[in-house]
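Each chain, written out:
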Amino acid sequence: MTPPARPATLEQRLDEAMQQLRKRATKATLDGMARYAIPSDHAIGVAMKDIQAVAKSIGHDHELALALWGTGVYEARTLAAYVDDPARVTATQMDRWCRDFDNWAIVDTVCFVLFDRTPHAWGKVVQWSGRRDELGKRAAFALLASLALHGRLADADAVEGLGLIERAAGDERNFVIKGASWALRSIGRRNAGLHAKAIALARRLAASEVASERWLGKDALRDLLKPAVAQKFAKSGRKK
């Protein structure tokens, strides 16, 4: 009788995952990262769809996710976001990864596919909105947008989130202000009440003499005043 195979060690699982990524790496993908302002000095050139395919073959593996993150490789860290188990992600881990963020793409991916499913998500939005570093502060608003888009944001927290956005609107840094706009637009698409509150904030900002505030307000209004969006909430209001 053949004895059962021993489970693969963490070292073996990490080696296999990295091999799978390297097999899918291409120079064209690596060179193309510059077009999206993604630094390639810690990347190997794997397309997102291929990273997702590797993640699907692995499933959830918290220990592997931590090991992948520790490599510092962009694609490995992206894979970590997909294979980690949100139920096992701690607040300490979230803070540690937030300090490690080195480009906007990894910020948005980690917040969108992993962090917003943890019980610590809202608390980190509030905490990180006060960070001084550009990408750490971006993470607050990427996480806020993700919670809103995925229906994991209570209306009361959404209203508080609008206040956080307004306080950050004077921050001229590109990744912060674009993250704040994403969050404002996402909250405004939740329901009729939040749509009205988001538009009111966007209009205040659009009328500001501060350039970053004005840009944020106008950017959000372009989306929130689209006919399809307005009609959606007009219909929901009539049903009531």
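Because the structure is a prediction, the values reported are computed rather than measured.

Caption draft 1: A look at the state of the cysteines. Counted under the stated rule, the structure contains 0 disulfides. Unpaired in this structure, C98 has its nearest cysteine sulfur neighbour in C111, at a distance of 7.4 Å.

Caption draft 2: How the structure looks around the packing of aromatic side chains. Within the structure shown, the criterion is met by 5 aromatic pairs. Centroid distance W97 to F115: 6.1 Å. Interplanar angle 35°. Geometry classified as tilted. In this pair, W97 is assigned in helix 6 (residues 91-100) and F115 in the loop between helix 7 (104-113) and helix 8 (121-128), connecting sequence segments 18 residues apart. Just as W97 is buried, F115 falls in that class too. Pairwise contacts between aromatic rings join W69, W97, F101, F115 and W128 into one cluster.

Caption draft 3: The arrangement of the environment of D84 in detail. Within the secondary structure, D84 sits in the loop between helix 5 (74-83) and helix 6. A residue is classified by how much of its surface remains accessible, and D84, at 0% relative accessible area, is buried. When the C-alpha positions of D84 and L164 are compared, they lie 28 Å apart, and in sequence the two are 80 residues distant. Ignoring sequence-local partners within four residues, the contact set of D84 consists of H60, H62, A65, V89, Q93, W97 and L114.

Caption draft 4: Main features of the side chain of S208. Within the secondary structure, S208 is located in the loop between helix 12 (192-206) and helix 13 (211-224). For S208, a relative accessible area of 13% gives the class buried. Excluding residues within four positions of it along the chain, S208 makes contact with E213 and R214.

What counts and how
- Residues numbered from 1 in each chain as written.
- Predicted model: local features only at pLDDT ≥ 70, side-chain atom pairs only at ≥ 80, totals over all residues.
- Heavy atoms only, no water.
- Disulfide = S-S within 2.5 Å.
- Phe/Tyr/Trp six-rings, centres within 6.5 Å; stacked < 30°, edge-to-face > 60°.
- Helix = DSSP H or I, 4+ residues; strand = E, 2+ residues; numbered from the N terminus.
- Buried < 20%, exposed > 50% of the residue type's maximum accessible area, 1.4 Å probe, protein only.
- Contact = heavy atoms within 4.5 Å.

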